[in-house]
Amino acid sequence: NMNGHKFNAGSTAQSTWYALEAYGEHNVVINDANFTRAGISANGGADVVFNSGKINHNPERSSRYIFCALDEGTTITIKDGTFKNDRARNSFFWAGGGAVIYVEGGNFGGVASNNKVYLSNGGKVIISGGTFNFDPTAWVAEGCTVTKIGSTTWTVSK
């Protein structure tokens, strides 16, 4: 429970660290977050749930991800929040090695990323809710609807 307190940690110009990194079979639940630099990484079977808050993704180096999940059995679930990307070379999601990122809600905005979702080695992103500054149709769960609002906003609903 972060109570909205600012957490300015993670990637520097030389590092590849995330503000929060969960490893192994740990369960992490995040409430009322306020990340101001880097995002969240889960690996090796970790289960991370982001319930609420914001990530103003502003790492000192490019080609970073707001949410990164790697390895079979690893999941990140995003329930709600505001997620702002600061440059085109950063992405919202990377899922690899059989990991899954579930997006159930939230507002994903800022600079439109060149590569919004990066998947590797059987990773999946499954979107069932939220508002996006890119067309999320390719990753939307079965039975959900994508609605375009204006020229730069899409919403996903059940």
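Structure: see above.
Along each chain, residues carry numbers from 1 onward, in the same order as the chain's sequence is written. Confidence filtering applies because this is a predicted model: local features only for residues at pLDDT of at least 70, side-chain atom pairs given and counted only at 80 or more, and all residues used for totals across whole chains, interfaces and linings. The basis for the side-chain values is all heavy atoms of the structure; hydrogens and waters are excluded.

1. With respect to the sheet that holds strand β15 (residues 130-132)
Item 1. Between any two strands, at least two bridges found by DSSP are needed for them to pair. Note on conventions: DSSP H or I runs of at least 4 residues are helices, E runs of at least 2 residues are strands, and numbering of each starts at the N terminus. Here 7 strands make up an open sheet; going across it, the order is β3-β6-β9-β12-β15-β17-β16 and the pairing mixed. Of all strands in the sheet, those with a lone pairing partner are β3 (33-35) and β16 (145-149), marking the two edges. Neighbour to neighbour, the strand axes of the sheet diverge by 15° on average, direction disregarded.
Item 2. Where β3 lies against strand β6 (residues 53-57), 3 bridges are found, and the strand directions are parallel. Its bridge partner lying in β6, Asn34 is registered against Lys54. Axes here mean lines fitted to C-alpha atoms, for a helix over just the part in contact, with angles spanning 0 to 180 degrees between N-to-C directions.

2. Here we look at the pattern of salt bridges
Note on pairing: side chains with opposite charge can pair once their charged atoms come close.
Item 1. Any carboxyl oxygen of Asp or Glu within 4 Å of a side-chain nitrogen of Lys or Arg constitutes a salt bridge here. Summed over all chains, the structure comprises 2 salt bridges.
Item 2. Across the salt bridge formed by Glu104 and Lys79, the nearest N and O atoms sit 3.1 Å from each other. Highlighted residues: Glu104 in the loop between β11 (100-103) and β12 (107-110) and Lys79 in the loop between β8 (75-78) and β9 (82-85), separated in sequence by 25 residues.
Item 3. Residue exposure (1.4 Å probe, protein chains only): buried if accessible area is under 20% of the type maximum, exposed if over 50%, otherwise partly exposed. Taking the relative accessible area as the measure of exposure, Glu104 reaches 36% and is therefore partly exposed.

3. Some thoughts on unusual backbone geometry
Item 1. For Asp71, which is not a glycine, the phi torsion comes out positive at approximately 90°.
Item 2. Within the element layout of this structure, Asp71 appears in the loop between β7 (65-70) and β8.
Item 3. Looking at Asp71, the relative accessible area reads 36%, which means it is partly exposed.
Item 4. If you check the backbone angles, Asn121 has positive phi at about 45° while not being a glycine.
Item 5. Turning to its location among the elements, Asn121 is positioned in the loop between β13 (117-120) and β14 (124-127).

Treat this as a map of the structure, not an account of what it does.
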